[in-house]
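Given next are the chains, with one letter for each unit.
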Amino acid sequence: MTAATPTTQDELKALVGRAALDYIGHGRIIGIGTGSTVNCFIDALAQQRERIIGAVSSSEATTQRLRAHGIRVFDANEVEELEVYIDGADEIDPRGFMIKGGGAALTREKIVAAQARRFVCIADQSKWVEVLGRFPLPVEVIPMAAQRIIRQFAALGGTARVRLRDGAPLVTDNGQHILDVTGLAITDPPAFESMVNDWPGVVTVGVFAHQRAHVCLLGTPEGVRTITFDGPGR
Ligand SMILES: O=C(CO)[C@H](O)[C@H](O)COP(=O)(O)O
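What you see as residue numbers is a count from 1 along each chain, following the sequence as written. Only residues with pLDDT of at least 70 are given local features in this predicted model, and only at 80 or more are side-chain atom pairs given and counted; all residues enter the totals for whole chains, interfaces and linings. Values reported for side chains reflect all heavy atoms of the structure, with hydrogen atoms and water molecules removed beforehand.

Turning our attention to the pattern of salt bridges. Only one rule defines a salt bridge in this text: a Lys or Arg side-chain nitrogen within 4 Å of an Asp or Glu carboxyl oxygen. The final tally for this structure, using the stated rule, is 10 salt bridges. Residues E193 and K110 are paired through a salt bridge, measuring 2.6 Å at the closest nitrogen-oxygen approach. Remark: K110 occurs in helix α4 (residues 106-115) and E193 occurs in helix α6 (residues 189-197); sequence separation between them is 83 residues. The partner of R163 in a salt bridge is D180, and the shortest N-O contact between them spans 2.8 Å. Highlighted residues: R163 in the loop between β9 (159-162) and β10 (164-165) and D180 in strand β12 (residues 177-182), separated in sequence by 17 residues. With a 1.4 Å probe rolled over the protein chains alone, any residue whose accessible area is under 20% of its type maximum counts as buried; one over 50% counts as exposed, and the rest are partly exposed. For R163, a relative accessible area of 13% gives the class buried. Put simply, DSSP H or I for four residues or longer makes a helix, DSSP E for two residues or longer makes a strand, and each gets a number counted from the N terminus.

Printed below as a string of structure tokens:
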């Protein structure tokens, strides 16, 4: 009997979540991101949790899920370097540049990704784009700077809105707000990331160019497509 072809987005997320297990060694502490695709990875990892010592987590939500599965969570300051960081993305392009932060965890995601030697991005095929910017770009900001940063994005042709939850500004795990920016085509992600990072009041911009993926496991109905971005210039 052959397994049914994965077709729904949830099935594709489960597929790449399981595939990411091949990228973790034994007896290590690994970095783990946030989101529904990562949740599939965590649930698969829970079946073999003795393989790892534990994880550095990128959000309170991920920490709770890891602990519920009996996986030890380390503070980022306790660990010097991680072998690998596993996380999803809202968009990923052919160079491994990503937009992240749909789950509002972008700041901690960037911190944990920076500690890791390899970033393995797990995503269903809907996340693959030629140019970043279709997905509203999340930017974590200090609340008192929000309106000025909104005007700076308007000057670039973008429309930025404060993300709401239950009618009030969403408050991140770091106590800050999120702007979601539409109308941008991010053709030079490294330059764009550096520019926005320089604006006073920006905590983190959701372009991951300096912490781009080394590998993407892309879920398709034909199976997992493995795309590697290693090479000159890394
Ligand atoms: O950046 C993220 C959270 O801040 C996620 O990786 C991104 O939003 C993708 O989420 P999902 O796997 O649920 O589609």
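From this point, the discussion proceeds with the structure in view.
Our next topic: the UniProt feature "active site" (unreviewed entry) in the protein. UniProt positions are given in the numbering used here, feature names are shortened, and annotations may be inferred rather than shown by experiment. In the numbering adopted here, UniProt assigns the feature "active site" (unreviewed entry) to E109. The contact criterion used is simple: two residues touch if any of their non-hydrogen atoms lie within 4.5 Å. Apart from the residues within four sequence positions on either side, E109 is in contact with T34, S58, Y85, D87, K100, G101 and F208. Residues adjacent in sequence count toward polar contacts only when both atoms are side-chain atoms; beyond that, a polar contact is any pair of N or O atoms within 3.5 Å, and within protein one must be able to donate a hydrogen and the other to accept it. A distance of 3.1 Å separates polar atoms of two side chains, one belonging to E109 and the other to K100.

Let us now look at the sheet that holds strand β3 (residues 73-74). Strand pairing is assigned whenever DSSP detects at least two bridges linking the two strands. Judged by pairing direction, the sheet is mixed, and its 7 strands sit side by side in the order β3-β2-β1-β4-β7-β15-β16 without closing on themselves. Each of the sheet's edge strands pairs with one partner strand only, and the pair in question is β3 and β16 (223-228). Where strand β4 (residues 82-87) lies against strand β7 (residues 116-124), 5 bridges are found, and the strand directions are parallel. Bridge assignment links I86 to a residue of β7, and that residue is V120. Axis definition: a line fit to C-alpha positions, over the contact stretch in the case of helices; interaxial angles, taken between N-to-C directions, run 0 to 180 degrees. Along the sheet, helix α1 (residues 9-19) contacts β7, β15 (215-220) and β16; its crossing angle with β15, the most-contacted strand, is approximately 145°.

What follows concerns the domain arrangement of the protein. Taken domain by domain, the protein consists of domain 1 (9-129 + 210-228) and domain 2 (137-205). For domain 1 versus domain 2, the separation of C-alpha centres amounts to 24 Å. Taken residue by residue, the interface counts 16 residues in domain 1 and 19 residues in domain 2. Buried area, as used here, totals the accessible surface that two parts lose on assembly, with accessibility defined by a 1.4 Å probe and the loss added over both. Roughly 1300 Å² of surface becomes buried between domain 1 and domain 2 when both sides are summed, with 53% attributable to carbon and sulfur atoms. It is L106, K110 and H210 that lose the most area in domain 1 upon contact with domain 2, and together they represent 36% of the buried surface on that side. At the surface where domain 1 touches domain 2, the tally comes to 1 salt bridge. Counting across the interface, domain 1 meets domain 2 through 11 residue pairs in polar contact (both at pLDDT 80 or more). The element contributing the most residues to the side of domain 1 that touches domain 2 is α4, with 4 residues. Residues were grouped as follows: Ala, Val, Leu, Ile, Met, Phe, Trp, Tyr, Cys and Pro as nonpolar; Asp, Glu, Lys and Arg as charged; and all remaining residues, including Gly, as polar. Taken together, the residues of the side of domain 1 that touches domain 2 sort by class into 4 nonpolar, 6 polar and 6 charged. Delimitation of the domains relies on an automatic or database domain assignment.

This part is about the nonpolar core. We call a set of buried Ala, Val, Leu, Ile, Met, Phe, Trp, Tyr and Cys residues a nonpolar core when their side-chain atoms join them within 4.5 Å. The biggest cluster of nonpolar side chains holds 26 residues, and the ones touching the most others in it are I92, M98, F119 and C121. Within the residue set of this core, elements represented by two or more residues are β4, α4, β7 and β15. Per-element accounting of this core gives the leading share, 4 residues, to β7. Excluding anything up to four places from it in sequence, F119 contacts Y85, D87, M98, K100, A113, F208, Q211, R212, A213, H214 and V215. L132, L137, A160 and V207 belong to the second-largest nonpolar core, a separate cluster that totals 24 residues.

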